[in-house]
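Residues per chain are reported as follows:
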Amino acid sequence: MSSPLTERLRAGTVLGAEGYVFELERRGYIKAGPFVPEVVLDFPDAVRELHREFLRAGAEVMVALTYYAHRDKLRDVGREGDLEAMNRQAVRIAREVAREAGAVAREGGADGDADGGALVAGNVCNTWAYDPSDPSTRDAVRAMYAEQLGWAAEEGVDFVISETNDYLGEALIALEVIQGLGLPAMVTLAPTQPDLTRDGYEYADACRILAAEGAAIVGLNCDRGPQTMLPLIARIRELVPCAVAVQPVPYRTNQTAPTMQALHGPDEVRAFPVALDPFTCTRFEMAQFAIRARELGVDYIGICCGAGPHHIRAMAEALGRDVPASRYSPSIELHPMFRAEVSAKDAAFLDSWTG
Ligand SMILES: [Zn+2]
């Protein structure tokens, strides 16, 4: 069945951008710990601006900031009464900026798409309420997804991203709710464990099942950096027939610390979630990741928690695109110290930098 999402996938690699929660936390608009996106109601301009920055950097999908905007989480922070308003407003903001795509592309002189628009995605995530050994939790999870996504569908989304799923079982509930609304689904798992989902399925096998149940895109997001996520995604790409998504965190995870939660600073203090800065990948590392992911045949390439617009722009350019923010991409040769001809005075400066 054709949809704006399938058309976009047919046209080539889709570049996504996420990590709204981490970035808005750094900017002082979201509280680390609960990580509830109260910012959507309290500082909508901050959300609008970040969408716009990702858009200018080349993101083709504006993901509504409804991550953790579900009933249990809002109850935890005493804002259950704002549940509907928060979910609806998040989609409205994403739609509003997505429509700016044409204008932004012209401003930057980029080719842009013929229709000039970015896609809008609704968003749900793991609820922490699901327990495979307690069937009653299935109904609680389904009810939370149904209300969130019912509002998103009414406000108008092109597809829905269900992400950071720890359990295949919970992901299947999300998929069922999304399909019930007649929307395409992108369902991704959070690979926190070495090989298996929390309900015991090998990641690639869980993706195969999600694809068989009708997900348009399956894959992985969050927790792992490029180095430790790509081997898992290669296996998924081999096994599933549908489109595949990969959205790692831009942190230098490795064999010893395969997830960002396992990274520790020199003082052995856990870096997750607010001391990850020294592990951040450079824009060049993320550009390499984008190329590698495309070589593997991944269809939807993005970044999760920790992403900055500079990462997205570098990935877009690595994929051969000229995006609006490319207008301000580095021209280091114009730096006074790095010009072809450095004056004697500047050379003295350079000596003291490098010395
Ligand atoms: Zn994430």
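Here is a short report on the structure shown in this document. This is a predicted model, so every value here is computed, not measured.

1. Overview of the nonpolar core
Ranked by internal contacts, the top residues of the largest apolar core, which has 113 residues, are A64, A94, A121, F159, V160, A185 and V244. Beyond its immediate stretch of four places on either side in the chain, V244 contacts I217, V218, G219, I233, I236, R237, V298 and D299.

2. Description of the environment of E80
Relative to the assigned elements, E80 resides in the loop between α5 (71-76) and α6 (83-99). The exposure class of E80 is exposed, given the 12 C-beta atoms found within 10 Å. C-alpha of E80 to C-alpha of A69: the two residues are 11 residues apart in sequence and 9.4 Å apart in space. Setting aside chain neighbours within four positions, we find E80 in contact with R71, L74 and R75.

3. What to know about the packing of helix α4 (residues 44-56) against α6
Put simply, α4 and α6 touch, their axes get as near as 9 Å, and they point 40° apart. With respect to their mutual orientation, α4 and α6 come out oblique. The handedness of the crossing between α4 and α6 is right-handed. Contacts from P44, V47, R48, H51, R52 and L55 in α4 reach Q89, I93, A94 and V97 in α6. Of the residues in the contact of α4 with α6, the class split is 6 nonpolar, 2 polar and 2 charged.

4. A short note on the environment of A348
Here A348 lies in helix α14 (residues 344-354). As a C-alpha pair, A348 and A257 span 91 residues in sequence and 42 Å in three-dimensional space.

5. Some remarks on unusual backbone geometry
Of all residues except glycine, most have a negative phi; of all peptide bonds, most are trans. Of note, the amide linkage connecting F272 to P273 takes the cis form, showing an omega dihedral of -5°. The residue P273 is located in the loop between β7 (243-247) and α12 (283-296) in this model. Even without being a glycine, T164 presents a positive backbone phi close to 45°. Its place among the elements puts T164 in strand β4 (residues 159-165). You will see that E268, though not glycine, has its phi angle at about 65°, which is positive. The residue E268 is located in the loop between β7 and α12 in this model.

About the cut-offs
Residues numbered from 1 in each chain as written. Predicted model: local features only at pLDDT ≥ 70, side-chain atom pairs only at ≥ 80, totals over all residues. Core = buried A, V, L, I, M, F, W, Y, C linked by C-beta atoms within 7 Å. Buried ≥ 20, exposed ≤ 12 C-beta atoms within 10 Å, placed from the backbone. Contact = placed C-beta atoms within 7 Å. Helix = DSSP H or I, 4+ residues; strand = E, 2+ residues; numbered from the N terminus. Axes fitted to C-alpha atoms, helices over the stretch in contact; angles between N-to-C directions. Parallel < 35°, antiparallel > 145°, perpendicular 65-115°, else oblique. Left-handed = near helix turned anticlockwise from the far one by under 90°. Nonpolar A, V, L, I, M, F, W, Y, C, P; charged D, E, K, R; others polar.

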